[in-house]
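A closer look at the structure
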Amino acid sequence: MRMDLAGHAVPTWGYGTVPGPEIRLRAGDTLRVQLQNELTEDTTVHWHGLAPPNGMDGVPGITQDPVAPGEGFTYEFETPIPGSFMYHAHVGMQLDRGLYGPLIVEPRTEELAYDREYTLMLDDWRDGIDAHAAHTPTAEEPAETDADPGDDVSFGGRAYPLLLVNGRPPEDPAVLEARPGDRVRLRVMNIAADTGFRFAVAGHRLTVTHTDGMPVEPTTVDALRLGMGERYDVLVDAAPSGGVWQIGVQPEGRDGWGRALLRCTGSDATPPHRSRTGRPS
Ligand SMILES: [Cu+2]
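Fair warning: this is a prediction, and the values are worked out from it, not measured in the lab. (Residues numbered from 1 in each chain as written. Predicted model: local features only at pLDDT ≥ 70, side-chain atom pairs only at ≥ 80, totals over all residues. Heavy atoms only, no water.)

**Some details on the overall build of the protein chain**
Our working definition: Numbering goes from the N terminus for both helices and strands, where a helix is a DSSP run of H or I of at least four residues and a strand is a run of E of at least two. In this scheme, a residue with accessible area under 20% of its type's maximum is buried, one over 50% is exposed, and one in between is partly exposed, where area comes from a 1.4 Å probe on protein chains only. In this description, accessible areas are obtained by the Shrake-Rupley approach with a 1.4 Å probe, and a residue is regarded as covered only by the protein chains that are shown.
Along its length, the protein chain carries zero helices and 19 strands. The buried share among the 281 residues of the protein chain stands at 46%. Counting every atom, the protein chain has about 13500 Å² of accessible surface; 52% of that belongs to carbon and sulfur.

Laid out in structure tokens, this is it:
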């Protein structure tokens, strides 16, 4: 498929959209997903954070035979535990592309009170990006033969120059709408292959209610750190005065940033765009 990165159509592999369609069910429901492999190589789907029977867990060679090109597989299992989860391809580097999506299991009775909710999937990205700085020898980065073997590996996301929030680069951010004073539930998920993130909402505090799908003693913080695969559910009270606020995502240990916007009804202002180094442009 092609996806739009701020006006640039880039080729990638995805489940129709990036992220893929949200799967939402209730605790105790049966998840049933028909996979049809239209890729040129084997694939499987892994249900990140869920605990399905082994044969449905999508780890090729360990829990499931890979699904060959042109073949299909029906995933079917019960989802007894509520929480914020993810699904993604689990063959080779397929997860590095767009083959992922959110999976929400709602509790039978929701104990949290909030006015609206959004899911934010944080990703590091390279498909369609020409300048793979970390893979091109430069004066600063000598050719691989002279380099530390570690340079062959993208520690800290160096091979993923772009950061996406819900499949969108900072130049074209997702906009979360709320009314002033709304209590907003955010399900924040790190689906990146190689990047830890710091996450914050300008001018707002975050009350953490769940980590990795499990309820925790509510804790109010300024920012979160999410390792790869982690999910945090937070409550945010949109500013009573309204306005447009940056939802900022900063990679740990390197330059760059990603963002979405929290826009209160009646506010048209757009915060100034900032360059990928985080400095105003
Ligand atoms: Cu996973």
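Once you've had a look at it, read on.
**A word on the coordination of the copper ion**
Selection criterion: Coordinating N, O and S atoms are those within 2.8 Å of the metal (3.2 Å for Na, K and Ca), and as water is not part of the atoms, a site may appear to have fewer donors than expected.
Here the copper ion is held by the protein donor atoms H48 (ND1) and H88 (NE2), which lie 1.9 to 2.0 Å from it. Remark: H88 occurs in strand β7 (residues 83-89) and H48 occurs in strand β5 (residues 45-48); sequence separation between them is 40 residues. Since its relative accessible area comes to 7%, H88 is described here as buried.

**A look at the packing of aromatic side chains**
The condition that has to hold: Pairing of aromatic side chains here covers Phe, Tyr and the six-membered ring of Trp, requires ring centres within 6.5 Å, and sorts the geometry by plane angle: under 30 degrees stacked, over 60 edge-to-face, intermediate tilted. The rule is short: NZ of Lys or CZ of Arg within 6 Å of the ring centre and within 35 degrees of the ring normal puts a charge over the ring.
All told, the structure shown has five aromatic pairs when counted by the stated rule. Taking the centre distance of 5.3 Å and the plane angle of 70° together, the rings of W47 and Y75 count as edge-to-face. With W47 in strand β5 and Y75 in strand β6 (residues 72-78), this residue pair connects regions lying 28 residues apart in the sequence. An aromatic cluster of three or more residues is present, and its members are Y15, W47, F73, Y75, F77 and Y87. A cation sits over an aromatic face here: R97 above W13, 4.7 Å from the ring centre.

**Concerning the confidence of the model for the protein chain**
Rule in force here: Confidence per residue, as judged by the predictor, is encoded in pLDDT with a range of 0 to 100. Two residues qualify as a contact provided that any one of their heavy atoms is within 4.5 Å of a heavy atom in the partner residue.
Across the protein chain, the average pLDDT comes to 89, with 85% of residues at or above 70. Per-residue pLDDT stays below 50 along residues 275-281; that stretch engages in 13 contacts with residues further than four places along the chain or on separate chains.

**Concerning the nonpolar core**
The line we're drawing: Put simply, buried Ala, Val, Leu, Ile, Met, Phe, Trp, Tyr and Cys residues joined by side-chain atoms within 4.5 Å make one nonpolar core.
Among the nonpolar cores identified, the biggest contains 27 residues, and L120, L122, L186, F199, L224 and I247 are the most heavily contacted of them. Listed in part, the 16 residues of the second largest apolar core include L35, M56, Y75 and F77.

**Quick notes on the environment of V18**
Following the sequence through the fold, V18 ends up in the loop between β2 (8-11) and β3 (23-26). A relative accessible area of 12% places V18 in the buried class. The sequence separation of V18 and M121 amounts to 103 residues, and the corresponding C-alpha distance is 9.8 Å. Setting aside its immediate chain neighbours within four residues, V18 contacts M1, M3, T12, G98, Y100, W125, N166 and G167.

**What about the sheet that holds strand β17 (residues 231-237)?**
Each strand in a sheet pairs with its neighbour through backbone hydrogen bonds, running either in the same direction (parallel) or in the opposite one (antiparallel). Put simply, the rule is: Think of it this way: DSSP has to see at least two bridges between two strands before they count as a pair. In this analysis an axis means a line fitted to C-alpha atoms, helices contributing only their contacting stretch, and an angle means the value between N-to-C directions, from 0 to 180 degrees.
Read from one edge of the open sheet, six strands run β10-β9-β12-β17-β14-β15, paired in mixed fashion. This sheet does not close on itself; its edge strands, each paired only once, are β10 (162-165) and β15 (214-221). Geometrically, the sheet is characterised by an average inter-axis angle of 25° between neighbouring strands, direction not taken into account. Bridge count between strand β12 (residues 183-190) and β17: seven bridges; the pairing is antiparallel. Looking across to β17, one finds that R185 is bridged to L235.

**Some points on unusual backbone geometry**
The residue after V18, namely P19, is reached through a cis peptide bond having omega -5°. Within the secondary structure, P19 is located in the loop between β2 and β3. Even without being glycine, N166 reaches a positive phi, approximately 55°. Note on placement: N166 falls in the loop between β10 and β11 (175-178). Even without being a glycine, D212 presents a positive backbone phi close to 50°. Note that D212 resides in the loop between β14 (206-211) and β15.

**Some points on the sheet that holds strand β8 (residues 100-106)**
On the basis of which strands lie adjacent, the open sheet formed by four strands has the order β3-β8-β7-β5 and mixed pairing. Where the open sheet ends on each side, the last strands, each with one partner, are β3 and β5. Ignoring strand direction, the axes of neighbouring strands in this sheet form an average angle of 20°. Both β5 and β7 contribute to a ladder of four bridges, which runs antiparallel.

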